[in-house]
Amino acid sequence: NVRLAGEDIARGATVLERGRRLAASEIGVLAALGHEQVNVHRRARVGILSTGDEVIDIGRMPGAGQIRDSNGHMLAARVAELGAEPVRLGIAADRADDLIARLAAAADCDLILTSGGVSVGDFDFVKQVLRSVGQIDVVTVRMKPGKPLAVGKVGGTPLIGLPGNPVAAVVSFDQFARPAIMKLHGHQQVYSPIVQARLLAAIDNRGQRRHFERGVLRQTPDGFEVAPTGIHGSGMLSSLLAANCYIVVHESLAVAPAGSIVDVQPFEAFLTSAQHIEEREEQ
């Protein structure tokens, strides 16, 4: 029962790499080595603004042509899951002055996320406002769901304008806003991991955009296999409840046939559960 000096960590060994998130194990090792203080990246402040006259607070009963603000709450939760601080900026009316005033309230944020108002409708003001009071660099992307997108700056603060449809908003968040927040937090690996899986059912990709289909990923003795949830539509949030991954159909394909090998982005919950499965098998 004698512990030899240096048997845990050898002299000169790298203990923690730059960009690693400090959880309980990391804190324990730092304490054992006598490091009372270490340099860290502060939590990013992310402003979240919903837009549209049709969007109302979730405590209200929707009238004709109105919808509850699911995007604002969903995006705030995603931001918090990444360790950043969500700053709710409310709901902007379909008026340029209201949108400008709410964006000005985000001057101390590191990143601003808006939802809605980035398409080509008569009341889609986000792009117009960016052109008048800031700058806009990207207006559309070749992906599905989520073709409408705005990337620019307001007063020097980066802004990502996400689509208004809820599924399109969260898919676009995961592909664009998540890497930005990871970068702000100093992570070296900012993009979601990709695994290859055998597709169990064909996926139509008419329009040939990068298609992020919600799917169910399963690990088998022969490798990963994945199937679409069967729930479509960029406004159908239930497709996210049924999924544990995105099936990525590349824009070069008009259809991904059953039996083909496709790229898959597993959700964090799947990665955590898969890690636990591997650990149990090793034990």
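All values reported here derive from a predicted model rather than from experimental measurement.

Thresholds applied
- Residues numbered from 1 in each chain as written.
- Predicted model: local features only at pLDDT ≥ 70, side-chain atom pairs only at ≥ 80, totals over all residues.
- Heavy atoms only, no water.
- Pairing = 2+ DSSP bridges.
- Helix = DSSP H or I, 4+ residues; strand = E, 2+ residues; numbered from the N terminus.
- Axes fitted to C-alpha atoms, helices over the stretch in contact; angles between N-to-C directions.
- Contact = heavy atoms within 4.5 Å.
- Parallel < 35°, antiparallel > 145°, perpendicular 65-115°, else oblique.
- Left-handed = near helix turned anticlockwise from the far one by under 90°.
- Nonpolar A, V, L, I, M, F, W, Y, C, P; charged D, E, K, R; others polar.
- Core = buried A, V, L, I, M, F, W, Y, C linked by side-chain atoms within 4.5 Å.
- Buried < 20%, exposed > 50% of the residue type's maximum accessible area, 1.4 Å probe, protein only.

Undergrad: An account of the sheet that holds strand E4 (residues 85–92) is requested, with residue identities and associated values reported.
TA: Note: strands within a sheet are paired through backbone hydrogen bonds, in either parallel or antiparallel orientation. Taken together, the six strands give an open sheet; going across it, the order is E4-E1-E5-E9-E8-E6, and neighbouring strands pair in mixed fashion. Each edge of the open sheet is held by one strand with a lone partner, namely E4 and strand E6 (134–140). Here the strands of the sheet are splayed against their neighbours by 20° on average, with no regard to which way each runs. In this structure, strand E1 (residues 45–51) lies alongside strand E5 (residues 111–115), joined through five bridges in parallel fashion. Bridge assignment links Ile48 to a residue of E5, and that residue is Leu113. The strands that helix H2 (residues 70–81) touches are E1, E4, E5 and strand E9 (157–162); relative to E4, the one it contacts most, it runs at about 165°.

Undergrad: So what's going on with the packing of H2 against helix H5 (residues 166–184)? Which residues, and what values?
TA: Packing of H2 against H5 brings their axes to within 11 Å, and their N-to-C directions diverge by 30°. Viewed along their axes, H2 and H5 adopt a mutual orientation that is roughly parallel. Crossing of H2 over H5 shows right-handed handedness. Residue-level contacts link Ser70, Asn71, Met74, Leu75, Arg78 and Val79 of H2 to Pro166, Ala169, Val170, Phe173, Asp174, Arg178 and Ile181 of H5. Of the residues that constitute the contact of H2 with H5, the class distribution is eight nonpolar, two polar and three charged.

Undergrad: Tell me about the nonpolar core, and please be specific about residues and values.
TA: It is characteristic of soluble globular proteins that their nonpolar side chains tend to be buried jointly. Val46, Val79, Leu113, Phe173 and Ile181 are the most contacted members of the largest nonpolar core, which has 30 residues in total. Counting only elements with at least two residues in this core, the list comes to E1, H2, E5, E9, H5 and strand E14 (245–249). Per element, the largest residue contribution to this core is seven residues, and it comes from H5. When residues no more than four places from it in sequence are discounted, the contact partners of Val79 are Val46, Ile48, Ala84, Glu85, Pro86, Leu113, Phe173 and Ile181. The next biggest cluster of nonpolar side chains, apart from the first, holds 17 residues, and it includes Leu49, Ala92, Leu103 and Val118.

Undergrad: Break down unusual backbone geometry for me, citing the residues and quoting the values.
TA: Of the consecutive residues Lys144 and Pro145, the connecting peptide bond is found in the cis state with omega at -5°. Secondary-structure assignment places Pro145 in the loop between strand E7 (143–144) and strand E8 (148–154).

Undergrad: Tell me about the pairing of strand E12 (residues 210–220), and please be specific about residues and values.
TA: Alignment of E7 against E12, held across two bridges, turns out to be parallel. Bridge pairing in E12 links Met143 to Arg210. Across five bridges, the pairing between E12 and E14 is antiparallel. If you follow Gly215 over to E14, its bridge partner there is Cys245. By the bridge criterion, six bridges tie E12 to strand E13 (residues 223–228) in an arrangement that is antiparallel. Its bridge partner being in E13, Leu217 is matched across the sheet by Val226. The antiparallel hairpin formed by E12 and E13 contains two residues in its connecting segment.

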